[in-house]
Amino acid sequence: MRKKALVTGASAGIGLATARMLARNGFDVIITGRRRQRLENLGQELEQEYDVSVFILVFDIRHRDEVENAWNTLPEEWKQVDVLVNNAGLAAGLDYIYEGDVEDWETMIDTNIKGLLYISRLIMPVMKERRQGHIVNLSSIAGKEVYQRGNIYCATKHAVEAITKGMRIDLLPYNVKVSSVSPGMVETEFSVVRFKGDEQKAKSVYQGLEPLRAEDIADIIEFIITRPAHVNINDVLVMPTAQANSFYVHREQD
Ligand code: 8X3
């Protein structure tokens, strides 16, 4: 039986690049997200290009019942997930905390923390039972540092860090690896979503520098999941060369 991987938020960005990387490595892939058409296009591409099987689960990860119902539609052999990539996540808004939109806070908390927990809660017992598996959580530089107006987004990524550590400790006796990847600036839909579709504002985040690409992060996940059985990469913190941390970014003038 071929190995199975599940990637959340696979319809774009890091999730999509990761799904491609997994298929290239011979995994059958469960791709999840909200946008069915995009997932179907990706599924077709992966099956044709890499000769693997793809299972599509459409759900909004913020809704526990949707996540559980989708999981329950999976045939038993598909539930034997070897690699789980908890990628689905977003930033909504960039506001001073005293002016923050409470809806934005809830969206981020529900997606980045609760959503990650909902899907993990279904898959961890399977990994524990099989005494095999690897969970890769997408954290962020925002999980290490807090920057002005990043407040709740940073809080959710700090929570991901704690959850990663908690998973690693609790799954330790069961041979399950737990890793995280913590990127700085990656040019995906991230900033467009953060700024609610304002493409100009989103572009300006990456003005004058070369940001990371989704594929750069997929490359790192590839390295993480292809280490020998006795090696676990706990965390990789990765920045564009033009970024030192959340505060120092070098921009070339046009
Ligand atoms: C995304 C990186 O610096 O915009 O997680 O918070 S940052």
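Residues numbered from 1 in each chain as written. Predicted model: local features only at pLDDT ≥ 70, side-chain atom pairs only at ≥ 80, totals over all residues. Heavy atoms only, no water.

From N to C terminus, the protein includes eight helices and seven strands. Over its C-alpha atoms the protein spans a radius of gyration of 18 Å, differing by no more than 12% from the 18 Å that the globule rule assigns to 254 residues. Judged by the C-alpha coordinates and their principal axes, the protein covers about 55 × 40 × 35 Å. Of all 254 residues assigned to the protein, the portion counted as buried reaches 51%. For the protein, restricting intrachain contacts to residue pairs at least 6 apart in sequence, the fraction spanning at least 24 positions comes to 72%. (Helix = DSSP H or I, 4+ residues; strand = E, 2+ residues; numbered from the N terminus. Rg over C-alpha atoms; globule rule 2.2 N^0.38 Å. Buried < 20%, exposed > 50% of the residue type's maximum accessible area, 1.4 Å probe, protein only. Contact = heavy atoms within 4.5 Å.)

This brings us to the pairing of strand 5 (residues 133-138). A large share of strand 5 lies buried, amounting to six of its six residues. Burial along strand 5 is two-sided: Gly133, Ile135 and Asn137 and His134, Val136 and Leu138, pointing in opposite directions, are all buried. Sheet analysis places strand 4 (residues 83-86) next to strand 5, joined by four bridges and oriented parallel. What sits directly across from Val85, in strand 5, is Val136. A crossover connection joins strand 4 to the parallel strand 5 through helix 4 (residues 102-130); in handedness this β-α-β unit is right-handed. As defined by bridge partners, strand 5 adjoins strand 6 (residues 176-183) across six bridges and the pair is classed as parallel. Looking across to strand 6, one finds that Val136 is bridged to Ser179. (Pairing = 2+ DSSP bridges. Right-handed = clockwise from strand over helix to strand, strands pointing away.)

Worth remembering: the numbers are spatial, not functional.
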